[in-house]
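So the chains spell out like this:
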Amino acid sequence: MLLKNLYSQAFYDRLCNALMVAVPGFDQKKFIRNIYVADFEQMELKQRMKHTTFVLHQFMPDDYSHTISLIKSTIQQLRIAGIGEDGLAFMFLPDYLETYGIDYFEESVEALEFVTQFVSCEFAVRPFILKYGQEMIQKMLEWSHHENHKVRRLASEGSRPRLPWAMAIPFLKKDPASILPILNNLKQDPSEYVRRSVANSLNDIAKDHPTVVLDIAKKWSGISIETDAIIKHGSRTLLKQGHLEILQHYGLNDKGILVTDFVVHTPEVKIGESLEFSFRIKNENETDKKIRLEYAIYYKKQNGQNTKKVFKISERIYPRGYETSILRKQKFVLITTRKFHAGEHQISLIVNGAESALFNFELLP
């Protein structure tokens, strides 16, 4: 099913059932008529979400505070009806707060706190950060102590400097200092959902301020298994970049590691098929050694230049003298987020951050 079809007749029927109870005088027939405009079928997911926001606004009072109370009542009715939380189609509710509540700081902050417990407000909160700056960050710091884990996650996820699919926060990319207390409060959160958000925020920060994340890694290291996992996941970009200090932090170097017989078995690969390669690796040290194995594909871009993407193979302890063969395949199957361009590509192996020479292969149409 296409994602846009989450906005179906069945969805709007369930929504209207809740609105009829929550909103006095709600006209279901008019609502449905306004939803199904002539170009509705041509709308994609985000367009349908925005359209639903716009139509709902037509049935809400001018008083924004009153509207918030009706939205809360609607959510309560949806819960009574057993309609599950975190449904993607309900993203129009946070979008409503972002679209019509941006000038009502106190009311919207309280609404974001409530609505995110039904459907995440991580995207909707970002315009408030941009508009209100540290005043909004302070509210999010307070949320980091909230009893509900979804609100705590909103504090860390919503304040990420580079949240994917969302607007960036330039002042946090430039200086993330104001969100570090939020992350510190959540570093031992009982919810893995929250802890992974902390790690993702650290990974965002690492792209602009690697030394900040390195300092945090040193401070948090060894506090608990959970904090160690946060640091590792939050350092993934630095590890893929072969950043020397983070490699040293994890005791990763290529001393005494022998790689032989690196062979590209498919020097010509058609789009839709797989690149196949193999190699042998041996720990020649007199002691056990942690070895992180990765490979890099240098994809040919439309302009003829290459762009590097790193893929992890494994990370584990190799006993002294241990030797093994490794065979891997890299698919070149077309997906919506990546286009392939025929021509010469390269592959390399990366052992504990140290990259081997490049080997060429040809990608055919």
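The following refers to the structure shown. Counting from 1, residues in each chain are numbered in the order their sequence is written. Confidence filtering applies because this is a predicted model: local features only for residues at pLDDT of at least 70, side-chain atom pairs given and counted only at 80 or more, and all residues used for totals across whole chains, interfaces and linings. Hydrogens and water molecules were not included; the side-chain quantities draw on all heavy atoms of the structure.

Overview of the pairing of strand β4 (residues 289-300)
For step 1, the next point in the chain: With ten of twelve residues buried, β4 is to be regarded as a mostly interior element.
For step 2, the next point in the chain: One bridge is not enough; two strands pair if DSSP finds at least two bridges between them. What counts as a helix is a DSSP run of H or I of at least four residues, what counts as a strand is a run of E of at least two, and both are numbered from the N terminus. As judged from the twelve bridges shared by β4 and strand β5 (residues 306-318), these two strands associate in the antiparallel manner. Paired with Glu-294 across the strands is Lys-312, a residue of β5.
For step 3, the next point in the chain: The hairpin turn running from β4 into β5, its antiparallel successor, is five residues long, and Gly-304 in that turn takes a positive phi close to 95 degrees.
For step 4, the next point in the chain: Judged from the six bridges that link them, β4 and strand β7 (residues 343-351) form a sheet pairing that is antiparallel. Three labels apply to residues, based on accessible area from a 1.4 Å probe with only protein chains included: buried if under 20% of the type maximum, exposed if over 50%, partly exposed otherwise in between.

Some points on the packing of helix α5 (residues 92-100) against helix α6 (residues 105-115)
For step 1, the next point in the chain: Only the contacting stretch of a helix is used when fitting its axis, a line to C-alpha atoms as for every element, and angles between N-to-C directions run 0 to 180 degrees. Contact pair α5 / α6: the axes reach a minimum separation of 10 Å and the direction vectors enclose 170 degrees. It follows from the interaxial angle that α5 and α6 lie roughly antiparallel. Only Ser-108, Ala-111, Leu-112 and Val-115 of α6 make contact with α5, whose side of the interface consists of Leu-93, Pro-94 and Leu-97.
For step 2, the next point in the chain: The class makeup of the residues in the contact of α5 with α6 is six nonpolar, one polar and no charged. Just so you know how the angles are binned, under 35 degrees is roughly parallel, over 145 roughly antiparallel, 65 to 115 roughly perpendicular, and the rest oblique. Whether two residues are in contact is decided by their heavy atoms, any of which lying within 4.5 Å being enough. Gly is put with the polar residues, along with every residue not named as nonpolar or charged; the nonpolar set is Ala, Val, Leu, Ile, Met, Phe, Trp, Tyr, Cys and Pro, and the charged set is Asp, Glu, Lys and Arg.

Description of α6
For step 1, the next point in the chain: Among the residues making up α6, those that are buried are Phe-105, Ser-108, Val-109, Ala-111, Leu-112, Phe-114 and Val-115.
For step 2, the next point in the chain: Tucked inside the fold, the buried residues of α6 contact α4 (64-80), α5, α7 (125-132), α8 (134-143) and α9 (149-157).

Looking at the packing of helix α3 (residues 45-57) against α5
For step 1, the next point in the chain: Where α3 contacts α5, the axes come no closer than 9 Å and their chain directions differ by 65 degrees. Classified by the interaxial angle, the pair formed by α3 and α5 is roughly perpendicular. The handedness of the crossing between α3 and α5 comes out as right-handed. Within the contact between the two elements, α3 uses Met-49, Lys-50, Thr-52, Thr-53, Phe-54, Leu-56 and His-57 and α5 uses Phe-92, Asp-95, Tyr-96, Thr-99 and Tyr-100.
For step 2, the next point in the chain: A per-class count over the contact of α3 with α5 returns six nonpolar, four polar and two charged. When the near helix sits turned anticlockwise from the far one by under a right angle, the crossing is termed left-handed; a clockwise turn instead gives a right-handed crossing.

Notes on the packing of aromatic side chains
For step 1, the next point in the chain: Note on ring pairs: Phe, Tyr and Trp rings are taken, using the six-membered ring of Trp, and paired if centres are within 6.5 Å. Classes follow the plane angle, with under 30 degrees stacked, over 60 edge-to-face and the rest tilted. Applying the stated criterion across every chain, the model contains 28 aromatic pairs.
For step 2, the next point in the chain: Every member of this aromatic cluster is reached through a ring pair, and the members are Tyr-7, Phe-11, Tyr-12, Phe-26, Phe-31, Tyr-36, Phe-40, Phe-59, Phe-90, Phe-92 and Phe-118.
For step 3, the next point in the chain: Both a distance and an angle decide whether a charge sits over a ring: NZ of Lys or CZ of Arg must be within 6 Å of the ring centre and within 35 degrees of the ring normal. For the cation-ring pair, Lys-72 lies above Phe-114, with the distance from its terminal atom to the ring centre recorded as 5.4 Å.
For step 4, the next point in the chain: Just above the ring of Phe-114 sits the side chain of Arg-79; from NZ or CZ to the centre is 6.0 Å.

Quick look at the pattern of salt bridges
For step 1, the next point in the chain: Salt bridges are counted wherever a side-chain nitrogen of Lys or Arg sits within 4 Å of a carboxyl oxygen of Asp or Glu. Inspection of every chain in the model, using the stated rule, returns 19 salt bridges.
For step 2, the next point in the chain: Arg-152 is the partner of Asp-189 in a salt bridge, and the nearest nitrogen-oxygen pair spans 2.5 Å. Of this pair, Asp-189 sits in the loop between α11 (180-186) and α12 (192-208) while Arg-152 sits in helix α9, placing them 37 residues apart in sequence. This pair shows no difference in class: Asp-189 is buried, exactly as Arg-152 is.
For step 3, the next point in the chain: Between Arg-292 and Glu-294 there is a salt bridge, with its nearest N and O atoms 3.1 Å apart.
For step 4, the next point in the chain: Judged by its relative accessible area of 4%, Arg-292 falls in the buried class.
For step 5, the next point in the chain: Classification of Glu-294 by relative accessible area gives buried; the value is 1%.

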